[in-house]
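Summary of structural features
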Amino acid sequence: MKVNEIFYSIQGEGLQVGLPTVFLRLFACDLRCSWCDTMYAVEGRGFKDLEEKEVLDEIYKYNCKRLCITGGEPLLQANEVEKLSKKLSQDGFFIVLETSGHKKPPDIFGESNFLISMDCKCPSSGMEKRMNFDLFKQLDEKDQLKFVIADKNDYEYAKKVLKEYCVKAAVIFQPVYGETFQWLAELVLKDNLTHLRIIPQVHKVIWGEKRGV
Ligand code: SF4
């Protein structure tokens, strides 16, 4: 398994925000978002090729049964992710899978102790044409669909996607880190979008833009 880093931190995004969590960051991604904050896990040689047992040993070290599998794009290693997740799930782990909206997650992620956190890439990312909108419809109530919002164009785009596709999952608007987002809150209230949450990246509020947190 190509692993960029394994670390213990506070979940900074989405419905699980604030909870202590072990993070497994897998290496490589087939997208290139303009505002990507983990390029060290996208290209270059920033990975170790680890056996499953080595990954499990490192995860167990933290004594926390909450895991977030992130990247990069974890589903470039879908078989390994599925196998590892099955083992940890049988041992009582709750697992969040962070993935972009262009690859179908393995079926096991439909089970109740898994949460799929899927991104819909908006125009500011430059990757919006790579999205598979059918995947958004397949998300469950327990899952979340996250829009990273950089500007008003992204906001209007997200609104259009939500109008067009029937999304059962929780919807998160996540402002790009470092930008003000009072305007976003005011627009959400003005448009009365009562079904969604605005959640900034809390780990960056705590530690700033650092690796391994
Ligand atoms: S999908 Fe994620 S890891 Fe890949 S380029 Fe975009 S932000 Fe970076």
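Keep in mind that this is a model prediction, so the values were computed, not measured.

**Side note on the overall build of the protein**
- Helix and strand counts for the protein stand at six helices and nine strands.
- Across the 213 residues in the protein, those meeting the buried criterion constitute 35%.
- Pairs at least 24 apart in sequence give 71% of the contacts found in the protein among residues at least 6 apart.

**Side note on the sheet that holds strand β3 (residues 48–49)**
- If you trace the nine strands from one edge of the open sheet to the other, you get β3-β1-β2-β4-β5-β6-β7-β8-β9, paired in mixed fashion. Each having just a single partner strand, β3 and β9 (196–198) make up the two edges of the open sheet.
- Sheet analysis places strand β1 (residues 2–10) next to strand β2 (residues 20–26), joined by seven bridges and oriented antiparallel. Its bridge partner lying in β2, Phe-7 is registered against Phe-23.

**Some words on the environment of Gly-71**
- Assignment of secondary structure puts Gly-71 in the loop between β4 (66–70) and α2 (78–90).
- Sequence-wise, Gly-71 and Glu-98 are 27 residues apart; in three dimensions their C-alpha atoms are separated by 7.5 Å.

**Digging into the site of the ligand**
- The environment of the ligand is made up of Cys-29, Leu-31, Arg-32, Cys-33, Cys-36, Thr-38, Val-42, Gly-71, Gly-72, Glu-73 and Ser-100.
- Residues of the shell around the ligand, tallied by class, amount to five nonpolar, four polar and two charged.

**Some points on the nonpolar core**
- Residues Leu-24, Leu-67, Ile-69, Cys-120, Ile-149 and Ala-158 are the most contacted members of the largest nonpolar core, which totals 43 residues.
- In contact with Cys-120, other than residues within four places in its own chain, are Gly-101, Met-131, Phe-136, Leu-145, Phe-147, Ala-158 and Val-161.

Calculation rules
- Residues numbered from 1 in each chain as written.
- Predicted model: local features only at pLDDT ≥ 70, side-chain atom pairs only at ≥ 80, totals over all residues.
- Helix = DSSP H or I, 4+ residues; strand = E, 2+ residues; numbered from the N terminus.
- Buried ≥ 20, exposed ≤ 12 C-beta atoms within 10 Å, placed from the backbone.
- Contact = placed C-beta atoms within 7 Å.
- Pairing = 2+ DSSP bridges.
- Near = placed C-beta within 6 Å.
- Nonpolar A, V, L, I, M, F, W, Y, C, P; charged D, E, K, R; others polar.
- Core = buried A, V, L, I, M, F, W, Y, C linked by C-beta atoms within 7 Å.

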